[in-house]
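Fold and geometry: a report
What follows is the residue order along each chain.
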Amino acid sequence: MDFLLIALIPLLPLVAAGLTALLKREQKALSATLVIGAQTVACVLSLWALLLAMCADNGEPGLIHEFVNFPWLTFGHETLKLGLLVDPLSGVMGAMVAFVALLIFIYSHGYMKEDRNYTRFYTFLGLFSGAMLGVVYSNSLLLTFVCWELVGLASYLLIGFWFFKPSAAAAAKKAFLTTRVGDMGLMIGMFWLYKAAGTLLFYDNGAGCLEQAALATMAKTLVGGLALSNIIALLIFCGAAGKSGQFPLHVWLPDAMEGPTPVSALIHAATMVAAGVYLVARVFPIFAATGTHSISLIVVASVGAFTALFAALIAVAQNDIKRILAYSTVSQLGFMMLAAGVGHPGVAMLHLIAHAFFKALLFMGAGSVIHGVHDEQDIREMGGLRRFMPVTFVTYSIGMLALAGFPVLFSGFWSKDAILHAAHLWPVSQLPFYMATAAAFLTAFYMTRQMAYVFFGQYRGHAHPHESPAVMTLPLVILAAAAILMSLPATPAWPAFEEFLKGEAAHFSLEGLTEPGFLQIALTSTAIVFLGIGLGWLIYGRKPLGAVDPIQTAAAPAFRALANRLYIDEIYDATVIRALHGFGSLAAWIDRQILAGIVSAVAALSFFVSAVSNGIDRFVINFGFDNSCNALREYGGAAASCEGGRVQGYLRLIALGTVILLAVIGWLLV
Amino acid sequence: MLQILLAISAVLFCFGLLATLTRRNAILVLIGIELMLGAGNLNFIAFWKFSANPEALTGVMFAIFSIAIAAAEAAVGLAIVIQVHRRLHSVDVNQATQLKG
Amino acid sequence: MSNSLTLLTFIPLIGAIWAALLPSKSTGQLRFAGLFTTLVALALTLSLAFQYDRAAGGLQFAERYEWIPSLHIEYYLAADGLSLVLLVLTALVTPFSLLAFGKGLSKLAVVLVLLLETTLFGTFTALNFVHWFFFYELSLVPAFFLIRLGGTPKATAAATQFFIYTLFAGFAMLLGFLAIYQATHTFDLTELAALARQEKLGHALSAAFPAFSGWISGAVFLGILVGLGVKVPVVPLHTWLPNAYTEAPAPVSMLLTGLLSKMGVYGFLRLLYPLFPGLMFHWQVPLLALAVVTIVFSALAALAQRDLKRIVAYSSVNHLGYCLLGLFAVAAATHADTVNRAAAMNGVILQIFNHGLTASALFCFIGFIEKRSGGLRGLNDFGGLREVAPVFAGLMGIAIFSSLGLPGLNGFVGEFLIFKGSFAIAPGATALAAIGLFVTAVFLLTLIQRVFAGPLAERWKAFPDLSTGERLTVIPAIALMFVLGIYPQLLIGLFNPTVLKLIF
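**With respect to the overall build of chain C**
Scanning chain C from terminus to terminus reveals 22 helices and 2 strands. Relative to the compact-globule value of 23 Å for 504 residues, chain C shows a C-alpha radius of gyration of 22 Å, a close match. Principal axes of the C-alpha set define a box for chain C whose edges measure 70 × 55 × 45 Å. In chain C, buried positions account for 62% of the 504 residues. Across chain C, the fraction of contacts at a sequence separation of at least 24, relative to all contacts at a separation of at least 6, is 79%.

Here is the structure:
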């Protein structure tokens, strides 16, 4: 396998981004050509990699991992290696990421055409795509972490793309910092894994950290009553939860909608937020080192189920078209985590891929709507848009039905069904199953609400709605097709996808459909979906909608709590953030008052000592000496007054002296 | 004869001294000094003339030395006086008191 | 080339004399003299780095002459990987600082900067304590005058505080070394290290001072620790630093943080660790606690600052705290744990270099901001500058992300290696230190948000973007950040053999 070409997949968009970074603002066409061109090649290469992963066969059953490792740096006698990996997991994920990214790059050309920083937008998109593909194809947790952080950087830059809006700048900072909280856990997990396994390479011919020897050691080592593998897995899950917006680190994702809509579609719906799920699927062997009901997986399942329900609840009461979708994304990511947590990473990946297509579709549709009604995002200001924007309406409806899990035709139905099925079979507890079912109901409900508000009824806004240009609608059509076609490999009748991820050949059999419990679940979920859509239509579809939500009139306190996102942000503001700044002020106070105070006290003490010593010198030691000197000076002054400067005065004195001398001599001689 | 000469010399010296001590004019003070030197020279000559060995010419030598020194001294003195005059526009010795202690 | 180290030491001195003889008004000539001299020194250090025999490792280019034979004081110079890294850093940051002065370059500044470079070169190559101490203390003189270059009363006060603080710390260290000399009759650092390796140094000290045999080693250790700790600085000995870094002109702050603080860390690696490995192992808990307190405290303190220079000053303390964490972890490990000790030690040296580069770049940018705003540098004085100065925002953003340890830039690699090594050795302390990483991100992103994002204030409508000269000043540093972030082996290869010698 030629890994140089695999390496090109992340490198091409990165290099294109680097080149566009050097371009000037006016060179719009060149920058778009560079990045889209590089992304096209990367997309082709990633499809080729998927093909390779499909065809790879070493004659043995089980997963095939094609990898190459190369040295990065040497410390002591140890060489730290990074590596690239192609297996079904990375093949599927990489192809999806590259494909969706390509579509959104093209779509962005229409959406961002008028923006002053168009060139910079493509730079950041290229950076994101390269880093995200790096996460996908990495064969080393270190390389994953490196790209993971770069993805975070790209997300930061793109959320804050309209940096002159204070809300965008704040949202960008919040996104970076919230995910960094999780990343601290991931980082410590990474160091712990490095310590325990002696390597960060996933696969290395038996010496990798996801291979049998390392897993067995980690499963056997106990730290505080827990298997080391579970502790490391939970730490890694911190990072995954941060990126994938799992409770309680979900707060950044709805705010991230401050970014341009293509960014929301690409990063905050389809690819980056799914990276957490991908990471869990990638290091799933560590989670499952002590069996598929390990404590770490129970935590993952619980967090996932709770997030799915919790975010779906909040989505019911939002009025911003993108925020509804954002909470829906959080909820769907919860579904994926639930699937991984109940021991089916393949199912999680299936939902991930399916979700990527239809959620990208929904976001781009929302972008098209926002574009069409002149940058209005409040669904109460829309309505009746199906007449103005037919293409957008049809594709959006397909996305909505897929997300709601409308039976048989749409990929969302099959993947969500697989998750419910897996949760139902989970022997640990049935609670996640019921939570997920409730979340599925809510999903159908809030999506119906949104459809009713946006596309049905009368137009309530003040702009002149119009359909978006073809460069924007074409990707919508392609994604709509993908949202339907993805149901093909997803049916239990021909479970190509899961089998592929398990490394087995897909086979067709109708037994999947008659498997115990399947039909029951399928019927239940169908009923649930119909119930959700029906109830939604009942409440929102029949009467003209006003500024006040029908539920708000019925249950005001509950609606208000949901509309305010259950006050999670307020709680964080009051606790974590206040505590952090409190500690900061405390540290500064200690610094200024106590530590600098000690220094000042020492300085004051030395000044005091020097004052005392000065006093002793002046008033004791120098006293006698100074006085005698002064006396001498006075007498000298008196003597000097004889010297009047008059020559004749001197002469007179001389004469007088001579006379006296002579007299004395004369007296002596006599 | 010697006594007469010594008396003249003494009178001359007293005049010189008197002029030096009392005159304000620096030139006259210098003249007074010259008078005193003249009185000294007269004494040299007188003591030589009436000494035991007048062939040795000792007194004459002293007198010539003394005259030479007096000439030099007069030159220097006059130069000083001229400088003082330039600076103070006067030759009054009582005004030249810058060297007082 | 056998005298190349002496030559290197005195090149800046010659340059200083040359600059002193130039007329003080001709800024162009002065800049040429300064840059020419520092670039010659840079070329020489780079050629030394290339000539250095990496396979052999150890001390090379040695020069050894009698100086004061009766006291066993020698003129003893040599360089190993550690010295070379610091020499290269010195040779890089000095011209960087001279360029950052821009039009404000005065004759006094050129002369003092060059004198400072001489003392730094001397410190980083000396292997006899007296010789080392001579340069170490001599550096205070140009540093003092450089800090008060602005001439304000506050600057003078800060310079005085800096001078007295470090001078007293130097005394503590000198006393320690006098005791060691009394016990061993040598000032030769390599000989002392050899003694310490055979565990004879402590015994010699106890034997020389029988009255205090129980605690003399500890007292000497503490004296040297305090002496070096002030220079780095370590919390709670850091209070001189924010004042000095803030009051000094920005190009001088670049030198202070980029180079002078490194003398302290270098001292830790060259003096303290080789001489007292046993004591450092024995006292690992308080020492690690000291490092963690330094990291977390300074990060939190930076969070509360409202002055750009003070923020970067505190973050400087924070970043050097990671060096101490790595070093103390190395000392706390069992001897057999080669992998992690090598990782942490390599990380420490890499972090020294990276911090020197990144922090000086940050101060350079703040200097540019000050120049444009007429001395204004409050966190809340700006806003939306990216609108009018996109290149400025972009390049400074890269430096900021390098400082908060973004992978792909230089800051990450050093921190990764330090954390890798020290987590395996002291997991608790390292996990606590990770808080510092998070808080660093908080205040640095806040800085970007307040200064560059948000609506553009009316008064900054004419805020100029980077001029060509300014771009040429910072781009080499930014480029180096990328190079070292992507290919750190470039530098690690130079000092890895030295690390192996240091930890055995």
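**Some remarks on the overall build of chain B**
Of the regular secondary structure elements, chain B holds 3 helices and 0 strands. Starting at the N terminus, the α and β elements of chain B follow one another as α-α-α. Taken over C-alpha atoms, the radius of gyration comes to 17 Å for chain B, far larger than the 13 Å a tight globule of 101 residues would show. Considering only C-alpha atoms, chain B reaches an extent of 50 × 25 × 25 Å along its principal axes. Counting every position in chain B, which comprises 101 residues, the buried fraction comes to 14%. Sequence separation of at least 24 residues holds for 50% of the intrachain contacts in chain B that already meet a minimum separation of 6.

**Focus: the interface of chain C and chain A**
At the junction of the two partners, chain C supplies 45 residues and chain A supplies 39 residues. If you list the elements that add at least two residues to the side of chain C that touches chain A, you get α14 (284-303), α16 (338-373), α17 (385-388), α19 (410-425), α20 (427-452) and α22 (489-502) of chain C. Broken down by element, the side of chain C that touches chain A gets its largest block of residues, 10 residues, from α20 of chain C.

**Overview of the interface of chain A and chain B**
Across the contact, 10 residues belong to chain A and 10 residues belong to chain B. Residue composition of the side of chain A that touches chain B, by class: 4 nonpolar, 3 polar and 3 charged.

**Quick word on the packing of helix α3 (residues 81-101) of chain C against helix α4 (residues 107-125) of chain C**
All names here are of chain C. As a packed pair, α3 and α4 sit with axes 9 Å apart at the nearest point and diverge in direction by 175 degrees. Compared by their axis directions, α3 and α4 come out roughly antiparallel. Across the interface between the two elements, S83, L86, L87, T90, T94, S97, L98 and F101 of α3 pack against A109, V113, E117, L120, F121, F124 and T125 of α4.

**A short note on unusual backbone geometry**
Note that the residue after V232 of chain C, namely P233 of chain C, is joined by a cis bond; omega there is 0 degrees. Relative to the elements of secondary structure, P233 of chain C occurs in the loop between α10 (216-231) and α11 (240-247). Phi at H89 of chain B takes a positive value of approximately 55 degrees, unusual for a residue other than glycine. Here H89 of chain B lies in the segment after α3 (58-88). H89 of chain B sits in the exposed class, given 9 other C-beta atoms within 10 Å.

**Quick notes on the arrangement of the chains**
Taking contact number as the criterion, the leading pair out of 2 pairs of chains in contact is chains A and C. At the level of C-alpha atoms, the two units chain B and chain C stay apart, their nearest approach being 43 Å.

**Considering the nonpolar core**
Membership of the largest hydrophobic core comes to 448 residues, with the highest contact counts inside it found for V280, A360 and A436 of chain A together with V85 of chain C. Per-element accounting of this core gives the leading share, 19 residues, to α16 of chain C. For A360 of chain A, the residues in contact, after removing those within four places along its chain, are V100, I104, A265, A269, A270 and L479 of chain A. Residues A26, V29, L30 and A96 of chain B belong to the second largest nonpolar core, which totals 5 residues.

**Side note on the pairing of strand β2 (residues 78-86) of chain A**
Residues and elements named next belong to chain A. Here β2 lies mainly inside the structure; 7 of its 9 residues are buried. Pairing between strand β1 (residues 66-75) and β2: 9 bridges, direction antiparallel. Counted as the bridge partner of V68 is L84 from β2. Once β1 ends, the chain turns through 2 residues before running back antiparallel as β2, passing G76 with a positive phi of about 60 degrees.

**Things to note about the environment of G541 of chain A**
Residues and elements named next belong to chain A. As for its position among the elements, G541 is in helix α23 (residues 518-541). C-beta crowding within 10 Å serves as the criterion here: with 17 such atoms nearby, G541 is assigned to the partly exposed category. C-alpha separation for the pair G541 and P71, spaced 470 residues apart in sequence, amounts to 61 Å. Ignoring anything within four residues of it in the chain, the contact list for G541 reads A452 and F456.

**Quick look at the environment of L538 of chain A**
Residues and elements named next belong to chain A. Within the secondary structure layout, L538 lies in helix α23. Residue classification places L538 among the exposed residues on the basis of 12 C-beta atoms within 10 Å. For the pair formed by L538 and R449, sequence separation is 89 residues and the distance between their alpha carbons is 9.7 Å.

**A short note on α16 of chain C**
Residues and elements named next belong to chain C. For α16, built from 36 residues, the straight-helix expectation of 52 Å at 1.5 Å per residue is met to within 8% by its first-to-last C-alpha distance of 51 Å. Most of α16 sits inside the fold, with 30 of its 36 residues counted as buried. Just downstream of α16, G374 is the residue with a positive phi angle, here 70 degrees.

**Some remarks on the packing of α16 of chain C against helix α21 (residues 468-486) of chain C**
All names here are of chain C. Orientation of α16 relative to α21, taken along the N-to-C sense of each, is 150 degrees, at an axis distance of 10 Å. Accordingly, the angle class assigned to the pair α16 and α21 is roughly antiparallel. The chirality of how α16 crosses α21 is left-handed. Only E470, T473, V474, A477, L480, M481 and L484 of α21 make contact with α16, whose side of the interface consists of N354, L357, T358, A361, C364 and F368. The class makeup of the residues in the contact of α16 with α21 is 9 nonpolar, 3 polar and 1 charged.

**A short note on helix α6 (residues 140-147) of chain C**
Residues and elements named next belong to chain C. Within α6, burial applies to L140, P142, A143, L146 and I147. Along the axis of α6, the buried positions cluster into a sector of 165 degrees, meaning they face one direction only. The inward-facing, buried residues of α6 contact α4, α5 (129-138), α7 (153-184), α11 and α12 (250-275).

**Regarding the confidence of the model for chain C**
Residues and elements named next belong to chain C. Summarising the model, chain C shows a mean pLDDT of 88, and 99% of its residues fall at 70 or more. For chain C, helix α9 (residues 201-208) is the element with the lowest average pLDDT, namely 85, and α4 is the one with the highest, namely 92. Among the prediction metrics, the complex's ipTM stands at 0.91, with pTM recorded as 0.83.

**Describing the environment of G170 of chain C**
Residues and elements named next belong to chain C. When you line up the elements, G170 lands in helix α7. Linking G170 and L228, residues 58 residues apart in sequence, is a C-alpha distance of 7.8 Å. Setting aside chain neighbours within four positions, we find G170 in contact with E137 and G227.

Rules behind the numbers
Residues numbered from 1 in each chain as written. Chains lettered and ligands numbered in written order. Predicted model: local features only at pLDDT ≥ 70, side-chain atom pairs only at ≥ 80, totals over all residues. Helix = DSSP H or I, 4+ residues; strand = E, 2+ residues; numbered from the N terminus. Rg over C-alpha atoms; globule rule 2.2 N^0.38 Å. Buried ≥ 20, exposed ≤ 12 C-beta atoms within 10 Å, placed from the backbone. Contact = placed C-beta atoms within 7 Å. Nonpolar A, V, L, I, M, F, W, Y, C, P; charged D, E, K, R; others polar. Axes fitted to C-alpha atoms, helices over the stretch in contact; angles between N-to-C directions. Parallel < 35°, antiparallel > 145°, perpendicular 65-115°, else oblique. Core = buried A, V, L, I, M, F, W, Y, C linked by C-beta atoms within 7 Å. Pairing = 2+ DSSP bridges. Expected span 1.5 Å × (residues − 1). Left-handed = near helix turned anticlockwise from the far one by under 90°. Arc of directions from axis to C-beta. pLDDT = per-residue confidence, 0-100.

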